[in-house]
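# Chains, contacts and geometry: an overview
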Amino acid sequence: MRIKLHLLCIPLVFVMIFSGQLAYYAIILFSLLWHEAGHLVAAVLCGVKVKSCVITPYGGEIQFENPAVVQASSLLWIALGGPIATIIGIGLAFFMPDLLATKLITVQLVLLAVNIVPIIPLDGGRLVLAWLFLSYPRAQVVEMYYWLSFIIATTLLLVTFKFLPQSIFLAIINLFIWLQALKEWRYRKYRVAFEKYVMNRLT
């Protein structure tokens, strides 16, 4: 399994360097790695082989060795793995020195808040997608969800841009989320066709 750092993490590094918060970025990177470890542990427990993991400004993107054989219930637990790890990290932070604990808890809470937003490509979106597979296994429903995710991601991006430069950190994260949502939306026909095949296999 390959673990890589996404190129869009680099602007965050420069923002932290120029603002004198490099140590703060180290906490952010640790939190992202901890969060993603939760997904990977969940994948191992579900017996799903992971091909690669890309660390992004909001968490990570996992690619499976063979997505067609991954059960919807496994997708649900893997999506939950990151938020569960983040919640555990918040709990452990209370046993750390106050100065470190305060910053770590803040970062973990922001990471958790961002990831539970129910849009693709976030964990909340993956949870909704897995739930759709289990409850409403229809390709049209999945395609509508891709549309909704893109619209919400666009709205969030415009809101953060309105409050620049104060919202520079969130703007970078939202820009990345929007780009991922755009990519998912542009290839939705191919993904829906693939997911229709998966749904036919699951039902």
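Residues numbered from 1 in each chain as written. Predicted model: local features only at pLDDT ≥ 70, side-chain atom pairs only at ≥ 80, totals over all residues. Heavy atoms only, no water.

### Points about the nonpolar core
Applied cut-off: Side-chain atoms within 4.5 Å are what join buried Ala, Val, Leu, Ile, Met, Phe, Trp, Tyr and Cys residues into a set we call a nonpolar core. Exposure categories follow from relative accessible area, calculated using a 1.4 Å probe and restricted to protein chains: below 20% of the type maximum is buried, above 50% is exposed, and the middle band is partly exposed. Put simply, DSSP marks the helices as runs of H or I at least four residues long and the strands as runs of E at least two long, and each gets a number from the N terminus on.
In terms of nonpolar packing, the biggest core is built from 21 residues, with Leu32, Ala43, Val48, Val50, Ile62, Phe64 and Ile78 touching the most fellow members. If you list the elements that add at least two residues to this core, you get α2 (22–45), β2 (50–56), β3 (59–64), α3 (72–93) and α4 (98–115). Examining the composition of this core, we find that 6 residues originate from one element, α2, more than from any other. With 10 residues, the next largest nonpolar core counts Leu122, Phe150, Ala153 and Ile173 among its residues.

### Some thoughts on the pattern of salt bridges
Applied cut-off: Whenever Lys or Arg places a side-chain nitrogen within 4 Å of a carboxyl oxygen from Asp or Glu, that contact is recorded as a salt bridge.
The full count for this structure, using the stated rule, is 1 salt bridge. With a closest N to O distance of 3.6 Å, Arg126 and Glu61 form a salt bridge. Taken as a pair, Arg126 in helix α5 (residues 123–135) and Glu61 in strand β3 lie far apart in primary sequence, 65 residues in all. Judged by relative accessible area, which is 25%, Arg126 ranks as partly exposed.

### Looking at the packing of aromatic side chains
Put simply, the rule is: Any pair of Phe, Tyr and Trp rings, taking the six-membered ring for Trp, is counted once the centres come within 6.5 Å. Such a pair is stacked with planes under 30 degrees apart, edge-to-face with planes over 60 apart, and tilted for the rest.
Enumeration over the complete set of coordinates arrives at 2 aromatic pairs. Aromatic pair Phe150 and Trp178: ring centres 6.1 Å apart, planes at 35 degrees, arrangement tilted. Of this pair, Phe150 sits in helix α6 (residues 139–162) while Trp178 sits in helix α7 (residues 168–186), placing them 28 residues apart in sequence.

### A look at α5
Let me state the cut-off plainly: Multiplying 1.5 Å by the helix residue count minus one yields the expected span of that helix.
Taking 1.5 Å per residue as the helical rise, α5 with its 13 residues ought to reach 18 Å, and the 18 Å between its terminal C-alpha atoms agrees with that figure. Within α5 the residues assigned to the buried category are Asp123, Gly124, Gly125, Leu129, Ala130, Leu132 and Phe133.

### Describing the sheet that holds β3
The condition that has to hold: For two strands to be treated as a pair, DSSP must find at least two bridges joining them. Axis geometry follows a simple rule: fit a line to the C-alpha atoms, using only the stretch in contact for helices, then measure angles between N-to-C directions, giving values from 0 to 180 degrees.
One open sheet accounts for 3 strands, arranged β1-β2-β3; its pairing is mixed. Among the strands making up the open sheet, the edge pair consists of β1 (2–5) and β3. Between one strand and the next, the sheet's axes are offset by a mean angle of 15 degrees, whatever the strand orientation. Across 4 bridges, β1 lies against β2 in parallel orientation. Residue pairing in the sheet places Arg2 in a bridge with Ser52 of β2.

### What to know about α6
Across its 24 residues, α6 extends 35 Å between first and last C-alpha, which sits within 8% of the 34 Å expected from 1.5 Å per residue. Three or more residues of α6 are buried, namely Ala139, Val142, Glu143, Tyr145, Tyr146, Ser149, Phe150, Ala153, Leu157 and Thr160.

### Notes on the pairing of β3
With respect to burial, β3 is a largely interior element, 5 of its 6 residues being buried. Here 6 bridges tie β2 to β3, and the two strands are oriented antiparallel to one another. By the bridge assignment for β3, Cys53 is matched with Ile62. Taking the residues that link successive antiparallel strands as the turn, the β2-β3 hairpin has 2 residues.

### What about the environment of Pro118?
Our working rule: The criterion used for residue contact is that any of the two residues' heavy atoms lie within 4.5 Å.
Within the secondary structure, Pro118 is located in the loop between α4 and α5. Counting along the chain gives 27 residues from Pro118 to Tyr145, while the straight-line C-alpha distance between them is 9.9 Å. Those residues in contact with Pro118 that sit more than four places away from it in its chain are Gly124, Gly125, Val128 and Tyr145.

### Observations concerning the UniProt feature "transmembrane region" (unreviewed entry) in the protein
Formally: UniProt positions are given in the numbering used here, feature names are shortened, and annotations may be inferred rather than shown by experiment.
When the UniProt feature table is mapped onto this chain numbering, "transmembrane region" (unreviewed entry) sits at residues 7–34, 75–97, 109–134 and 146–179. Helix and strand shares over residues 109–134 are 73% and 0% respectively, and the end C-alpha atoms of the span are 29 Å apart. As annotated, residues 146–179 has a helix share of 85% and a strand share of 0%, and its two end C-alpha atoms lie 13 Å apart.

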